[in-house]
Amino acid sequence: MAKKKIRIRAKLKGDVAEVKALMSHPMETGLRKNKKTGKKIPAHFIKEVICEHKGNKVLVANWSVAVSKNPYLSFKFKGAAKGDMVKISWSDNKGSTASAEAKIG
Amino acid sequence: MKRRTFLKGTVAGGMLGVAASAGLLAPRMVLAAWPEKAFKAKTVDDALNALLGTSDLSESGDIKIKAPDIAENGAVVPITVSTDMKADSISVVIAKNPSPLACSFDLGSNTLGFVSTRVKMGKTSDLIAVVKSGGKLHSAKKTVKVTIGGCGG
């Protein structure tokens, strides 16, 4: 469970909410080899990230293995008010999922 | 050890006012939407055709790519794409990666043309940002030099 973590910070600047999120995930490419055994390390990566505000999808990200380990994501959207919640959830190629919510400050 | 880091993370998260509801709220699975073919494609044109239906790009000065000129570590290349256009989607393509399409973002109607993330680059390559706006594809390019690759280790 330790890996299923998302940290979100959301701030309102004028009428634009800026959201920054940091997820912890190995983002294994499937191309790397274990140096001791010479075997390939299987791919393990986040495929989809969904960011929601009041039930509306503000951003849907489709990712490949080319996104760095412990992915960082930032985006901006309009129409939010202070105290609103932003929800971010991801799912990876092994079927794991995680989600977290944060208040816009 | 894992439990300890988890607890620490939860406490830190709590202080930031973050509701860490790890794993409790399962997101609705929309896996079918993941464009597998586009991500498996080996060339830029194939990837764009599979993802957006065309590889017909028009260069636009209205797309800004913020990325380093020289990336010391190809495993972590920070990139920010921004545009003033009303963007429906923003995709990032790394021309010389084994699979060029790195990530793609579908933007909601209230979302600004701005995304920032970190990507891996195998070697020195062009970064291409593709913005879909009003049914057309606009693009901008930036070359990033990589001194240590991020793929394959």
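Residues numbered from 1 in each chain as written. Chains lettered and ligands numbered in written order. Predicted model: local features only at pLDDT ≥ 70, side-chain atom pairs only at ≥ 80, totals over all residues. Heavy atoms only, no water.

Colleague: Would you mind going over the overall build of chain B in detail, with residue names and values included?
Modeller: The helix and strand inventory of chain B stands at 3 helices and 10 strands. By residue count, 44% of the 153 residues in chain B fall in the buried class. The contacts of chain B with a sequence gap of at least 6 include a subset with a gap of at least 24, amounting to 62%. Summed over its atoms, the accessible surface of chain B is roughly 8,000 Å², and 54% of this surface lies on carbon and sulfur atoms. (Helix = DSSP H or I, 4+ residues; strand = E, 2+ residues; numbered from the N terminus. Buried < 20%, exposed > 50% of the residue type's maximum accessible area, 1.4 Å probe, protein only. Contact = heavy atoms within 4.5 Å. Areas by Shrake-Rupley, 256 points an atom, 1.4 Å probe, with all protein chains shown as cover.)

Colleague: I'd like a description of the pattern of salt bridges, backed by residues and values.
Modeller: Opposite charge on two side chains permits pairing when their charged atoms draw close. Across all of its chains, the model carries 5 salt bridges over all chains by this definition. Notably, a salt bridge pairs Lys-13 of chain A with Glu-18 of chain A, separated by 3.1 Å at the nearest N-O pair. Overall, the relative accessible area of 52% leaves Lys-13 of chain A in the exposed class. For Glu-18 of chain A, a relative accessible area of 15% gives the class buried. The salt bridge partner of Lys-40 of chain B is Glu-36 of chain B, with a shortest N-O separation of 2.7 Å. Separated by 4 residues within a single helix, Lys-40 of chain B and Glu-36 of chain B lie in helix H2 (residues 36–40), roughly one turn from each other. (Salt bridge = Lys/Arg side-chain N within 4 Å of Asp/Glu carboxyl O.)

Colleague: Please provide a residue-by-residue account of the confidence of the model for chain A, values included.
Modeller: Scored by pLDDT, chain A has a mean of 90; 96% of the residues are at 70 or more. The spread of mean pLDDT over the elements of chain A runs between strand E1 (residues 5–13) of chain A, the lowest at 91, and strand E5 (residues 72–78) of chain A, the highest at 95. (pLDDT = per-residue confidence, 0-100.)

Colleague: Explain the sheet that holds strand E3 (residues 63–66) of chain B to me, using residue names and the numbers behind them.
Modeller: Pairing is antiparallel across the open sheet formed by 6 strands, whose spatial order is E1(A)-E2(A)-E5(A)-E8(B)-E5(B)-E3(B). Across the chains shown, the open sheet's two edge strands, defined by having one partner strand only, are E1 of chain A together with E3 of chain B. Across the sheet, the mean angle from the axis of one strand to that of its neighbour is 15°, orientation sign disregarded. In this sheet, E5 of chain A lies alongside strand E2 (residues 16–24) of chain A in antiparallel orientation, the contact comprising 7 bridges. (Pairing = 2+ DSSP bridges. Axes fitted to C-alpha atoms, helices over the stretch in contact; angles between N-to-C directions.)

Colleague: Any details on the pairing of E1 of chain A? Residues and values, ideally.
Modeller: All names here are of chain A. Inspection of the sheet shows E1 paired to E2 by 9 bridges, in the antiparallel sense. Across the sheet, residue Lys-13 finds its bridge partner in E2, namely Val-16. Hairpin connection, E1 to E2: the antiparallel pair is bridged by 2 residues, and Gly-14 has positive phi, about 65°.

Colleague: Please set out helix H3 (residues 44–52) of chain B residue by residue, giving values where relevant.
Modeller: Residues and elements named next belong to chain B. Those residues of H3 that fall on the buried side of the exposure criterion are Val-44, Ala-47, Leu-48 and Leu-52. For H3, the arc enclosing every buried residue in end-on projection is 95°, short of the 170-degree limit, so these residues lie on one face. The secondary structure elements touched by the buried residues of H3 are H2, strand E6 (89–94), strand E7 (101–107), strand E9 (125–133) and strand E10 (136–148). Two residues or fewer past H3, Gly-53 is found with a positive phi of approximately 85°. (Arc of directions from axis to C-beta.)

Colleague: Can you tell me about unusual backbone geometry, naming the residues and giving the values?
Modeller: All names here are of chain A. A positive phi is found at Lys-54, a non-glycine position, where the angle reads about 55°. In this structure, Lys-54 sits in the loop between strand E3 (46–53) and strand E4 (56–63). A positive phi angle, near 50°, is found at Asn-70, a position not held by glycine. Examined against the element boundaries, Asn-70 turns out to sit in the loop between E4 and E5.

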